[in-house]
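An overview of the molecular structure
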Amino acid sequence: PQHVWVLYVLPASIVFPLRVIDVMKPKEMPIGKAKQTYIRLFYLFEFCYYANFCGLIILVLLVLDLMSAEIARQFFGAAFGIACGPLFCATYLFRNKVLFHDMSNTVSILIHLVPSMVMYTIRWNYAAVHESWNYLFHRGPYNDIPLLDIYTNSAIFY
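All of these numbers come straight from a predicted model, not from anything done at the bench.

**Re the overall build of the protein**
Helices and strands together make up the secondary structure of the protein, namely seven helices and two strands. Ordered by position from N to C terminus, the α and β elements of the protein give α-β-β-α-α-α-α-α-α. Taken over the C-alpha atoms alone, the protein extends approximately 55 × 30 × 30 Å along its principal axes. Each of the 158 residues in the protein was classed as buried or not, and the buried ones make up 39%. Summarising the internal contacts of the protein: among those between residues at least 6 apart in sequence, 63% fall at separations of at least 24. The average position of the 11 basic charges and that of the 9 acidic charges among the side chains of the protein differ by 14 Å.

Right under this line is the structure:
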């Protein structure tokens, strides 16, 4: 489990730029009886994408040790609450499937399920993560953050 964060960062660093390129391409969309061409850039400002972009930034800041210990705990609490809350629940609500031949479903799993696995692993298996990646992870463990702080930080972030 100590390597699960790498299994999120590597695909996300490839898939998210590809998704940006995809939504920047004009696409015909039916509006009433007429068809109009739109660029779907605002699609990336949807909560799940926003949470993933911010979660990736927080993960990079944690790895590079660019925050104080208190700010790192607050950011991690917010990221944990959002990843293991709304993003994880969206996996069921949107009926995401693991279909590797379908890029849309694969990206949807990457956006909704994998962040919760990463944050859960860092919170509850920090010793294993730190042992394997001791030159990257310096802040932690995070398993003693109270649930009220996680909820508050997540609500503020939201």
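**Looking at the confidence of the model for the protein**
Taken as a whole, the protein shows an average pLDDT of 86; of its residues, 100% reach a score of 70 or greater. Between the elements of the protein, mean pLDDT differs from a low of 73, seen in strand S2 (residues 34-38), to a high of 92, seen in helix H5 (residues 114-124).

**Considerations on unusual backbone geometry**
Residue Asp 65 is not a glycine yet carries a positive backbone phi of 55°. On the secondary structure map, Asp 65 appears in the loop between helix H2 (47-64) and helix H3 (69-93).

**Here's the deal with the pairing of strand S1 (residues 27-31)**
Sheet topology note: the S1/S2 ladder contains five bridges and is antiparallel. Across the sheet, Ile 31 pairs through a bridge with Ala 34, a residue of S2. Joining the antiparallel neighbours S1 and S2 is a turn of two residues, in which Gly 32 adopts a positive phi near 70°.

**Re the packing of aromatic side chains**
The geometry of an aromatic ring pair is captured by two quantities: the separation of the ring centres and the angle between the planes. For the coordinates displayed, the defined rule picks out 13 aromatic pairs. When the centroid spacing of 5.6 Å and the interplanar angle of 20° are considered together, the rings of Tyr 50 and Phe 157 count as stacked. Of this pair, Tyr 50 sits in helix H2 while Phe 157 sits in helix H7 (residues 147-157), and the two are 107 residues apart along the sequence. Here Tyr 50 falls in the partly exposed class, since its relative accessible area comes to 38%. In this structure Phe 157 comes out as partly exposed when scored by relative accessible area, which is 24%. Sitting over the ring of Phe 80, Arg 123 keeps its end group 4.9 Å from the ring centre.

**Topic: the packing of helix H4 (residues 103-112) against H5**
It is the contact of H4 with H5, at a shortest axis distance of 4 Å, that shows an interaxial angle of 30°. Comparing their axes, H5 and H4 come out roughly parallel. Packed against H4, whose contacting residues are Ile 109, Leu 110, Ile 111 and His 112, the element H5 presents Val 114, Pro 115 and Ser 116 at the interface. By residue class, the composition of the contact of H4 with H5 is five nonpolar, two polar and no charged.

**A word on the side chain of Thr 121**
Examined against the element boundaries, Thr 121 turns out to sit in helix H5. Only 2.7 Å separates the side chain of Thr 121 from the backbone oxygen of Met 117, close enough to count as a polar contact. Among all residues touching Thr 121, those that are not within four sequence positions of it are Pro 1, Gln 2, Val 4, Tyr 126 and Val 129.

**So, the nonpolar core**
Within the largest apolar cluster, 41 residues are counted, with the highest numbers of intra-cluster contacts made by Trp 5, Tyr 8 and Phe 137. Among the secondary structure elements, those contributing two or more residues to this core are helix H1 (6-24), H2, H3, H4, H5 and helix H6 (126-132). In terms of residues, this core owes the most to one element, H2, which gives eight residues.

**Quick notes on the side chain of Arg 123**
If you trace the backbone, Arg 123 turns up in helix H5. Asp 144 provides the closest opposite charge to the buried, salt-bridge-free Arg 123, at an N-O distance of 7.0 Å. Of the polar contacts made by the side chain of Arg 123, one reaches the backbone oxygen of Ile 145; its length is 3.2 Å. If near-sequence neighbours (up to four positions away) are discounted, Arg 123 is found in contact with Phe 76, Phe 80, Tyr 142, Asn 143, Ile 145 and Ile 150.

Reading guide: rules and limits
Residues numbered from 1 in each chain as written. Predicted model: local features only at pLDDT ≥ 70, side-chain atom pairs only at ≥ 80, totals over all residues. Heavy atoms only, no water. Helix = DSSP H or I, 4+ residues; strand = E, 2+ residues; numbered from the N terminus. Buried < 20%, exposed > 50% of the residue type's maximum accessible area, 1.4 Å probe, protein only. Contact = heavy atoms within 4.5 Å. Lys, Arg positive; Asp, Glu negative; His and termini not counted. Charge placed at Lys NZ, Arg CZ, Asp CG, Glu CD. pLDDT = per-residue confidence, 0-100. Pairing = 2+ DSSP bridges. Phe/Tyr/Trp six-rings, centres within 6.5 Å; stacked < 30°, edge-to-face > 60°. Lys NZ or Arg CZ within 6 Å of the ring centre and 35° of its normal. Axes fitted to C-alpha atoms, helices over the stretch in contact; angles between N-to-C directions. Parallel < 35°, antiparallel > 145°, perpendicular 65-115°, else oblique. Nonpolar A, V, L, I, M, F, W, Y, C, P; charged D, E, K, R; others polar. Polar contact = N/O pair within 3.5 Å; in protein donor to acceptor, adjacent residues only side chain to side chain. Core = buried A, V, L, I, M, F, W, Y, C linked by side-chain atoms within 4.5 Å. Salt bridge = Lys/Arg side-chain N within 4 Å of Asp/Glu carboxyl O.

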